[in-house]
Amino acid sequence: MKHKNNIIISTLVLIFSMIVVLNTWAEETLSKDEKRFDLDGNGELSTSEKELMVRVVRIENARDVQFSENEIREMVSGRRDQPRGRGGFSRGRGSREPSGPRLNPEQVEFKDGTATIPDRETFKKLSYQGTEVRIDTQLAGIEFVKIQVENTHTQNPQLYFMNTKTHRSHGSFMQAAGLGRGQGQMRGVLSYRPLFTAPNGEPGVYTFEFNPSDAFPFEKIKLVHDLLVAKMPILKNRLGYCPLWGAINIYNREKTLYDKAEFPVYFEDDLYANVGYLPLNQVESYGRLRVLEANERPTPRDIVICKTLPNEMSRVAGIITGVRQTPLSHVNLRAIQDKVPNAFITKAWENRLIAPLIGKYVYYKVNADGFEIREATRKEVETHFADLRPAKIQKPTRDLSIKKILPLDEIGFTDSSSFGVKTANVATLRTFGFSEGTVPDGFGVPFYFYDEFMKHNGFYKKIEALLKDPDFQNSHDTKEAELIKLRTKIETGKMPKWMMRAFSDLQNSFPDGTSLRCRSSTNNEDLPGFSGAGLYDSFTHNPDEGHLSKSIKQVYASLWNFRAFEARDFFRIDHLTTAMGVLVHPNFENETANGVAVTDDVVYQTEGNYYLNTQVGENLVTNPEDQSIPEEILLDWWDSNNYRVVSTSNRTTDGKQILTDKYLRELNLYLGTVHNKFSQLYGASSQTKDFAMEIEFKITKDGKISIKQARPWGQ
């Protein structure tokens, strides 16, 4: 009996030990970081816990903080407000007692506020723009000055402009100015919106609004309008009222009064739609200002005014378009890559500041709140271009040690020196745990193949001869004609037998009848310092086109198109060390939509939002069809249910939203993951303020999201 009891005890001890080991093993399968999100303590992350982790880590990376498990639980339970953008957590409105005697507006010290704002510079000194907006999340990223109006029920109302750098809340200012709570008070905010057209037709609108739950009658709104214009004269014909949700009902009841008023009413959506100026790339440049007519080719020293948006453009000194651009078009990506100013300015060729300068050398700068343009001297222009170009020849890295075509699952992030960043990044995307089919499966053709093909045909010697030819170097027409001849020779060149067999094996690895997409992937594109967006070409190889080498050679030839050659030449990139890899995967056909997304709001500069452009069918956002307007959405980092449709697509027949809530939920998770993972791989931190990732995606004919590319945004 004693022996039997010992066996039972031993068995129980063994079972208990196994439970401890299993629990320990389960805990060890999660990293230290991941354990913070295992809220149910079961040793693995559920789908909702993974989504929570992606969003919280995105916020942590932006703020350079790390939340504890308790803080994360508070976010979920609602005991602590959810994080919004890069600012702190929202806090409730405080109620403070006055710290001294009541001060009239004229008695307030400037560190606390002022009674008048005589000019724009004074407004800037009083204004705040950033993320520390407390509960006023609608103000994140907007330049604003808070206002306090007292005694509106008397014949002597008083207007206080708060120094909003000092006092972010009305309560704090009221304490400093000795103001208690009482009758006839109105607490609001005066915002500057540089992207929108004012009633007088000039860029830049000021709007005033009140607390979201406030609802004041028209007579009070007009009173504040008149006080603002009287105390800040630059607001005349530039000021409008923006009713927030609490004021909508009373506005509708009094609409006839507003229709007759001398000031406009802007709803929040109007403020995004009424864009008359849009800064796409905020830098400065010099060059000759010219209107670019259809089929004209600009030079690298031209600042061009485009009446319509070109799908591609060789290197220029600056860009102005008279029609609104797609911020993620190749034209803007090229502007970012080339570090040249780019902006949409309504009817730019008729603008009173621009029109007199057409045909002259100019200085041109794009700012967040407007553009600068003036006549420049030839010496300024020459000095600018001398300083802009690198002093020495740049030789891009190309590793020729990998001599085989490899499946994407065998290519790593650091293999970009052999396959190109496009191929390496798509391969890396496949390691992020996305559902099957989200990232295409395929192969990478290394630089070694391109190098052997070029040597086999003696093309390097032909290129060396061209680079030494004075006519080729000095004549744009000669250069373009000779590059066309070179591309034709490359497209008809012969491949070694071993290379032909390798491409046959690659082609045969796909099911019969598969159309293959052959995508350019060079050693001088999609890099942190040189994006190369739009420089090179990709081709679809259809089953009836024979051997895959036909399309591969077309991709190789695109390395030598005019716009790519000019871009490399300007940046002194050694043409003979550039190399072309090829990313090969099944072609997408009959897709429902195409889109581009950036993991930050790179257009309106709001905090805590992803920026998405989407268009129906095969109409690419990066190379849009003429007059194509994509769907434009700002999607909250933290909450995929919180988003703003800035503009709808003009290619939908029923006016429906392309990215439904389902797609936005998925993209929210994908974008957070892409940003978090690549920020680590690229060594970005919270101090790298401008780091963001751009992805290109499709909605397939089966209604699924597929991510086809990821690159660092505009670096």
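Only a predicted model underlies this, so the values are computations on that prediction, with no experimental measurement involved. (Residues numbered from 1 in each chain as written. Predicted model: local features only at pLDDT ≥ 70, side-chain atom pairs only at ≥ 80, totals over all residues. Heavy atoms only, no water.)

J.: I keep staring at the overall build of the protein chain and nothing clicks. Help me out?
T.: Assigned secondary structure in the protein chain consists of 22 helices and 24 strands. Put simply, the protein chain has 715 residues, and 53% of those count as buried. Sequence separation of 24 or more characterises 66% of the internal contacts of the protein chain that already satisfy a separation of 6 or more. When the accessible surface of the protein chain is split by element, carbon and sulfur atoms take 49% of a total near 32,300 Å². (Helix = DSSP H or I, 4+ residues; strand = E, 2+ residues; numbered from the N terminus. Buried < 20%, exposed > 50% of the residue type's maximum accessible area, 1.4 Å probe, protein only. Contact = heavy atoms within 4.5 Å. Areas by Shrake-Rupley, 256 points an atom, 1.4 Å probe, with all protein chains shown as cover.)

J.: Sorry, what's going on with unusual backbone geometry here?
T.: Negative phi characterises most residues that are not glycine, and trans characterises most peptide bonds. Although it is not a glycine, Asn151 sits at a positive phi angle of roughly 60°. By relative accessible area, which is 22% here, Asn151 ends up partly exposed. Even without being glycine, Asn590 reaches a positive phi, approximately 55°. One can find Asn590 in the loop between β18 (580-586) and β19 (593-598). Under the relative-accessibility criterion, Asn590 is labelled exposed at 54%.

J.: What am I meant to see in the pattern of salt bridges here?
T.: Oppositely charged side chains may form a pair once their charged atoms are brought near each other. Evaluated as defined, the whole model comprises 29 salt bridges. For the salt bridge of Arg120 with Glu143, the shortest nitrogen-to-oxygen distance reads 2.8 Å. Separated by 23 residues along the polypeptide, Arg120 in helix α5 (residues 120-126) and Glu143 in strand β2 (residues 143-150) bring together distant segments of the chain. Take Glu143: its relative accessible area is 9%, and that puts it in the buried class. Put simply, Arg193 and Glu209 hold a salt bridge, and the shortest N to O gap is 3.6 Å. With Arg193 in strand β4 (residues 186-197) and Glu209 in strand β5 (residues 203-210), the pair connects residues that are 16 residues apart, well separated along the chain. What emerges from the salt-bridge pattern is a single network uniting Arg398, Asp451, Glu452 and Lys455. (Salt bridge = Lys/Arg side-chain N within 4 Å of Asp/Glu carboxyl O.)

J.: How do you make sense of the nonpolar core when you look at a structure like this?
T.: One recurring pattern in soluble globular proteins is that nonpolar side chains are buried together. If you look at the biggest cluster of nonpolar residues, it comprises 47 residues, and the most contacted ones within it are Phe37, Leu429, Phe434, Leu612, Leu659 and Ile695. Listed by contribution, the elements that provide at least two residues to this core are α3 (47-63), α14 (421-429), β19, β20 (609-616), β21 (631-636), α22 (661-681), β23 (693-699) and β24 (705-712). When residues no more than four places from it in sequence are discounted, the contact partners of Leu429 are Phe434, Val439, Val674, Phe678, Ile707, Gln709 and Ala710. Listed in part, the 46 residues of the second largest apolar core include Ala198, Leu278, Leu280 and Ile345. (Core = buried A, V, L, I, M, F, W, Y, C linked by side-chain atoms within 4.5 Å.)

J.: Would you explain the sheet that holds β19 in this entry?
T.: The pairing of strands in a sheet comes from backbone hydrogen bonds and takes either a parallel or an antiparallel form. The 6 strands lie next to each other as β22-β21-β20-β19-β23-β24, forming an open sheet whose pairing is antiparallel. Two strands lie at the open edges of the sheet, namely β22 (643-647) and β24, each paired on one side alone. Neighbour to neighbour, the strand axes of the sheet diverge by 20° on average, direction disregarded. In this sheet, β22 lies alongside β21 in antiparallel orientation, the contact comprising 4 bridges. Looking across to β22, one finds that Glu632 is bridged to Ser647. (Pairing = 2+ DSSP bridges. Axes fitted to C-alpha atoms, helices over the stretch in contact; angles between N-to-C directions.)

J.: What am I meant to see in the sheet that holds strand β9 (residues 302-306) here?
T.: Read across the open sheet, the 7 strands follow the order β7-β11-β10-β9-β8-β12-β13; overall the sheet is mixed. Two strands close off the open sheet at either side, each with one partner strand: β7 (277-281) and β13 (370-375). For this sheet, the mean inter-axis angle between neighbouring strands, taken without regard to orientation, is 30°. Against the sheet, helix α12 (residues 378-388) makes contact with β8 (284-292), β12 (361-367) and β13, and its axis sits at roughly 115° relative to β8, the strand it touches most.

J.: Could you clarify how one ought to interpret the environment of Glu482 in this entry?
T.: Along the chain, Glu482 falls in helix α18 (residues 476-491). C-alpha of Glu482 to C-alpha of Ile463: the two residues are 19 residues apart in sequence and 9.9 Å apart in space. With near-sequence residues (within four places) excluded, Glu482 lies in contact with Leu466 and Phe472.

J.: When you look at helix α21 (residues 562-570) in this model, what are you seeing that I'm missing?
T.: Along an α-helix, residues three or four positions apart point the same way, because every turn accommodates 3.6 residues. Among the 9 residues in α21, 8 count as buried, and that is most of the element. Between the side-chain oxygen at the start of α21 and the backbone nitrogen of Arg563 there is a gap of 3.3 Å, and the oxygen is on Asn561. Downstream of α21 by a residue or two, Arg572 has a phi angle that is positive, lying close to 55°. (Polar contact = N/O pair within 3.5 Å; in protein donor to acceptor, adjacent residues only side chain to side chain.)

J.: It is not clear to me how the environment of Arg58 should be interpreted in this structure. Could you clarify?
T.: Take Arg58: it is sitting in helix α3. Look at Arg58 and you get buried, because its relative accessible area is 1%. With sequence-adjacent residues up to four places away left out, Arg58 is seen in contact with Thr599, Asp600, Tyr610, Trp637, His675 and Asn676.

J.: What's the story with the packing of helix α16 (residues 459-468) against α18 in this structure? I'm lost.
T.: Each pair of packed helices can be summarised by the angle the axes make with each other and by the distance between the axes. At a minimum axis separation of 12 Å, α16 and α18 run at an interaxial angle of 180°. By the criterion of interaxial angle, the relationship of α16 to α18 is roughly antiparallel. Here Phe459, Lys462, Ile463 and Leu466 of α16 come into contact with α18, specifically with Glu482, Leu486, Lys489 and Ile490. Broken down by class, the residue content of the contact of α16 with α18 amounts to 5 nonpolar, no polar and 3 charged. (Parallel < 35°, antiparallel > 145°, perpendicular 65-115°, else oblique. Nonpolar A, V, L, I, M, F, W, Y, C, P; charged D, E, K, R; others polar.)

J.: Explanation requested: the packing of aromatic side chains in the structure shown.
T.: The relative placement of two aromatic rings is captured by the distance of their centres and the angle of their planes. Applying the stated criterion to the full structure yields 35 aromatic pairs. On the basis of an interplanar angle of 85° and a centroid distance of 4.9 Å, the ring pair of Phe218 and Tyr258 is categorised as edge-to-face. Of this pair, Phe218 sits in helix α7 (residues 218-231) while Tyr258 is found in helix α9 (residues 255-260), placing the two residues 40 residues apart along the sequence. Residues Phe218 and Tyr258 agree in their burial class; the two are buried. On the numbers, 6.1 Å between centres and 50° between planes, the contact of Tyr682 with Phe691 is tilted. Classification of Phe691 by relative accessible area gives buried; the value is 5%. One aromatic cluster in this structure is built from Phe208, Phe210, Phe216, Phe218, Tyr241, Tyr251, Tyr258, Phe263 and Phe267. One Lys or Arg, Arg315, reaches over the ring of Phe570 and ends 3.5 Å from the middle of that ring. (Phe/Tyr/Trp six-rings, centres within 6.5 Å; stacked < 30°, edge-to-face > 60°. Lys NZ or Arg CZ within 6 Å of the ring centre and 35° of its normal.)

J.: Is there a simple way to explain the side chain of Arg36 in this structure?
T.: Among the structural elements, Arg36 can be located in the loop between α2 (32-35) and α3. Owing to a relative accessible area of 9%, Arg36 belongs among the buried residues under this scheme. Setting aside residues no more than four positions away along its own chain, Arg36 makes contact with Val57, Glu60, Gln66, Phe67, Glu69 and Ile72.

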